[in-house]
Amino acid sequence: MTNGAISVPDTVEDDGEGSDGTRSDDVESAVALDSNKGVVKFGWIRGVLVRCMLNIWGVMLFIRLSWVFGQAGWGLGTVVIALSCVVTTITGLSMSAICTNGVVRGGGAYYLISRSLGPEFGGSIGLIFAFANAVAVAMYVVGFAETVVDLLKDYDALMVDQLNDIRIIGCITVVLLLGISVAGMEWEAKAQIVLLIILLAAIVNVFVGTFIPPTADKKSKGIFNYDSTIFLENFPPDFRNEETFFSVFSIFFPAATGILAGANISGDLKDPQGAIPKGTLWAILITGVTYLGVALCVSASVVRDATGNLTDLITSEVPCVGSAVAACELGYNFSSCAEQTCSFGSMNNFQVMTMVSGFGPLIIAGTFSATLSSALASLVSAPKVFQALCKDNIYKALHFFAKGYGKNNEPIRGYILTFVISVAFILIGDLNLIAPIISNFFLASYALINFSCFHASYAKSPGWRPAYKYYNMWLSLLGALLCCAVMFVINWWAALITYGLEILLYIYVTVKKPDVNWGSSTQAVTFVSAVSNALSLSGVEDHVKNFRPQILALTGAARTRPALLDLANSFSKNYGLCLTCEVFVGPRSEALPEMNAGMEKNQHWLRKTKRKAFYTAVVCESYRKGVETLLQASGLGRMKPNTLMVGFKRNWKTSGAEAVQSYVGVLHDAFDFEYGTLIFRMSQGLDVSHIVEAEEEMLKSAKEQRELENEFMPNGGKAKGLFRKSRKSSQQVLTTRVSVCGPAPPQVAMMNEKLLEASAQFKTKQPKGTIDVWWLFDDGGLTLLLPYILTTRKKWKDCKLRIFIAGQPGRSDLDKEEMKLLLQKFRIKCTDIIVIDDIHVKPRNDSLKKLEDMIEPFRLHERAKETAQVAAIRKEQPWKITDEELDTYEEKTNLQIRLNELLQENSKTANLIVVSMPIARKETISDFLYMAWLDILTKDLPPVLLIRGNHKSVLTFYS
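Only a predicted model underlies this, so the values are computations on that prediction, with no experimental measurement involved.

About the criteria used
- Residues numbered from 1 in each chain as written.
- Predicted model: local features only at pLDDT ≥ 70, side-chain atom pairs only at ≥ 80, totals over all residues.
- Heavy atoms only, no water.
- Salt bridge = Lys/Arg side-chain N within 4 Å of Asp/Glu carboxyl O.
- Helix = DSSP H or I, 4+ residues; strand = E, 2+ residues; numbered from the N terminus.
- Buried < 20%, exposed > 50% of the residue type's maximum accessible area, 1.4 Å probe, protein only.
- Axes fitted to C-alpha atoms, helices over the stretch in contact; angles between N-to-C directions.
- Parallel < 35°, antiparallel > 145°, perpendicular 65-115°, else oblique.
- Left-handed = near helix turned anticlockwise from the far one by under 90°.
- Contact = heavy atoms within 4.5 Å.
- Nonpolar A, V, L, I, M, F, W, Y, C, P; charged D, E, K, R; others polar.
- Pairing = 2+ DSSP bridges.
- 1 Å grid on protein atoms, 1.4 Å probe; cavity = no way out; pocket = protein on both sides within 12 Å on 5 of 7 lines; lining within 4 Å.
- Points joined across faces, edges and corners; volume = space filled by probe spheres on them.
- Right-handed = clockwise from strand over helix to strand, strands pointing away.
- Expected span 1.5 Å × (residues − 1).
- Arc of directions from axis to C-beta.

1. Considerations on the pattern of salt bridges
And step 1. Counted under the stated rule, the structure contains 21 salt bridges.
And step 2. Across the pair Asp887 and Arg863 runs a salt bridge whose closest N-O atoms are separated by 2.2 Å. Of the two residues, Asp887 sits in helix 31 (residues 883-888) while Arg863 sits in the loop between helix 29 (845-855) and helix 30 (867-876), which places them 24 residues apart along the sequence.
And step 3. Note on Asp887: relative accessible area 42%, which makes it partly exposed.

This is the structure:
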């Protein structure tokens, strides 16, 4: 593999077709892996192990560890450390698996979570994780400043007062740490090594101190050499001041965090895949053993309570009673501690480690080292994570902080922001309130890392193949649950705040839908769920109550007939399936490249415009064959289209016999395959393909113009003069540059403007009005069901349903009552039922004349011609309309004309007219006569939808 590309040995040959030009969604793969020459990169020891150890070894080791083991005893104290290590170890294993499943770039925990679970989880946790690290800087610095101020108090050397001294020292310390960080990662790494040496010396100093014979002063303060009696006495817990196991655990656990310190600078590691697992797991092991070793040594040599008085020795006058049996055996009587609180012993004094050690000042230096190293690690981590988040442009307002400087791409802007945040919290002074929230932020990150590993394993994606094999998906899930449980143990309200913030950010990112595709496990699980559900659905038999309109809409390219697509989408949205289909006609070699190029573009347009539909296309030698293929092969299992929707062929009079036969043939095929059939007509027309082509041409020109500008202005300056970008609105440009050969530009602009307005008609909320349903034939109920579905939509909620039915003269009221009862049984509400009892009246002469003029070019007029001439014409033009056919179907023809008259009278102002579609019996009614029926029926009306079901019931009375 070279620069991210796969190299094939020379011995392998193919047909010469490479992968050039194929689109890759993995944008990061475009970045050369070895292009960062001269950049400082760290190995697993300096980059991960050292950082993690310094972050995990904190002030807890020197200040509170003895108190934890005093309260819990070394029995439960060991459980506290073990449980903490279990949580961090499981997280480390999960992180190792994710790290070794591909190249890891900068961003640490954010990068791992976002690439595994997607931008929604990654974006939400990335922001609060970066903020947590920024505030953690303030926490650690305040801890350092408090220690310094305590020393100043001992020597009576306070500058102002205790609180303001903490602020002053804290701000000075952050400035120095910022200087080290901005100087570069190499300087920061050197500073960490110095701090590590001091910290190691302090730890060794504690172990050495336990072997030095204690002085009388130390013994009076409860510090002795190793003694089995002390060790056994310190085994059971002795919880005081309402402390419990969980409260003690919540105090200790933050000390075990910090395992992401190495992962957070993943962009600065030579080999993140190898370094992060090895360095993190070794750090957990070493620090865990250290914590346990130091705690057990103290538990074996320090009693829980001591007075500190040299005179409290065993005497015959004062009996030695209470819990301090071990001290009694060693000659000291601390019985008074049972009645009053003593100042010394592991339970009462936080400076036990200093007193136990061989050289006390070194413990103070170790405390300084622990706080400063943790602060430095957090000060580096926060900008790195934040920069990675901003680079991905998840939150567009934060993109300013994505810029890096220097050969190491240092996030200087991020450093300054982190500095400002940390100084702000230092000036607040009291961080006790914010500390639990920060701990919960870190735990939320650990929980998501574990869940990422579980989720990726559960999805069983072929892309999930980590090189690190020592993980288990169920162990990762247990780790995620443990992290969530620990969050509530530490602080329940802080846990709720953390979850609340994460959910809000998750919703924000989900709504904004960032344009990224990282092949997350969320996508993989969605696919697995979809396949599983589709298979389950295949075992369910069809039932009329579960009928769903699943639309196959012949729209061409998804963007070319938006009104047809929007109406189809209204029927299927939340109810069924919508496929927008295109047929490419021509030789496969010519049409296939065009089809493949349009697949992703059309589906992307559907997503972008929030139309819930799928795009599919086929290549065929003829249009009808292509549609036949779609009718038979579209769908998956039960999710198969059952309703065909097409636009009305407005140009049927000029398109030629073959095109008309193909169009009508598609309708016949739909009925043959038992599809319900819908034909949609709008007076302005449906096809906006010429406008779409103009838009694409305009965008192409704009792109070429930008490239030309960039060529002349390599530094990104603003265009001036000749290269100034036009500010004319895209719609205005579109409506004026569509046709060169058509009418004058103003007319073209007006026509296209009306067409664009009409094409978006069903995308927006419909004005108050009616949906008029002319239910003339029993087709199974589809003509009633689809308009009812429209009334359930928000866009159509202001439209009332009116039902028109054909009736017999003299019994209109009875017909209306019967229809009303029928609709009640179907649970379909309508505002009015109108009975048309003059539907079979002969149409007006002017209406008849319109039809005659319409079909005149296609008539045979055999009665006016000789037999031989008629035979010749029939042979050459078999599609001609004969006089005999007109006579035979005169009644049906008159019905379509009459219906148009009635529609003009009753439904001229409707928002949508739904009419039962007339059916042409195959091979008996000519295609041109049928097209004339459809044309005259729907002419000069608001949007009309012709519907004919397949005579299978889609409505039922029964529950």
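Structure shown, so let's carry the discussion forward.
2. Digging into the packing of helix 5 (residues 119-154) against helix 15 (residues 412-428)
And step 1. Contact geometry for helix 5 and helix 15: axes closest at 8 Å, N-to-C directions at 45 degrees. Comparing their axes, helix 15 and helix 5 come out oblique. When the axes of helix 5 and helix 15 are compared, the crossing they make is right-handed. Here helix 5 contributes Phe131, Ala134, Val135, Val137, Ala138, Val141 and Val142 to the contact with helix 15, which in turn contributes Thr418, Ile421, Ser422, Phe425 and Ile426.
And step 2. Considering only residue class, the contact of helix 5 with helix 15 consists of 10 nonpolar, 2 polar and no charged.

3. A look at the sheet that holds strand 9 (residues 912-916)
And step 1. Here 10 strands make up an open sheet; going across it, the order is 3-2-1-4-5-10-9-6-7-8 and the pairing mixed. Strand pairing shows two members of the sheet lacking a second neighbour, strand 3 (614-620) and strand 8 (832-836), which therefore form its edges. Neighbour-to-neighbour, the strand axes of this sheet turn through a mean angle of 20 degrees, independent of strand direction.
And step 2. Across 7 bridges, strand 2 (residues 578-585) lies against strand 3 in parallel orientation. Bridge pairing in strand 3 links Leu579 to Phe614.

4. Re the pairing of strand 8
And step 1. Where burial is concerned, most of strand 8 is hidden: 4 out of the 5 residues are buried.
And step 2. Note: strand 7 (residues 799-806) against strand 8, 5 bridges, orientation parallel. Each bridged residue has a counterpart across the sheet, and for Ile803 the counterpart in strand 8 is Ile833.

5. Notes on unusual backbone geometry
And step 1. Within the chain, Asn393 stands out as a residue other than glycine whose phi angle is a positive 60 degrees.
And step 2. Positionally, Asn393 belongs in the loop between helix 14 (360-391) and helix 15.

6. Some remarks on empty space enclosed by the protein
And step 1. Summed over all chains, the structure comprises 4 cavities of 30 Å³ or more.
And step 2. Taken together, Ile56, Ile81, Ser84, Cys85, Thr88, Phe252, Ala256, Ile284, Thr287, Gly288 and Tyr291 form the lining of the largest cavity.
And step 3. Among the elements of the structure, helix 3 (65-99) and helix 11 (272-299) are those that each provide at least two residues to the lining of the largest cavity.
And step 4. Volume-wise, the second largest cavity comes out at about 60 Å³.
And step 5. Along its surface, the second largest cavity is lined by Gly209, Thr210, Ile212, Pro214, Lys218, Ile223, Phe224, Asn225, Ser301 and Val356.
And step 6. Split by residue class, the lining of the second largest cavity holds 5 nonpolar, 4 polar and 1 charged.

7. Brief notes about the pairing of strand 6 (residues 769-775)
And step 1. Of all 7 residues in strand 6, 7 are buried, a share of seventy percent or more.
And step 2. Bridging between strand 6 and strand 7 involves 7 bridges; their strand directions are parallel. Looking at the pairing, Val773 lines up with Ile803 of strand 7.
And step 3. The parallel pair strand 6 and strand 7 is bridged by helix 27 (residues 782-791), and the resulting crossover is right-handed.

8. A short note on helix 18 (residues 492-512)
And step 1. Compared with an ideal rise of 1.5 Å per residue, which puts 21 residues at 30 Å, helix 18 spans 30 Å between its outermost C-alpha atoms and is within 8% of the ideal.
And step 2. Within helix 18, burial applies to Ala494, Ala495, Thr498, Glu502, Leu505 and Val509. Buried residues in helix 18, looked at end-on, bunch into an arc of 105 degrees, giving them a common side. Summarising the geometry of helix 18, the exposed residues directed more than 90 degrees from the buried face are Trp492, Ile503, Leu504 and Val511.
And step 3. Downstream of helix 18 by one or two residues, Lys513 has phi in the positive range, about 50 degrees.

These figures capture arrangement, not role.
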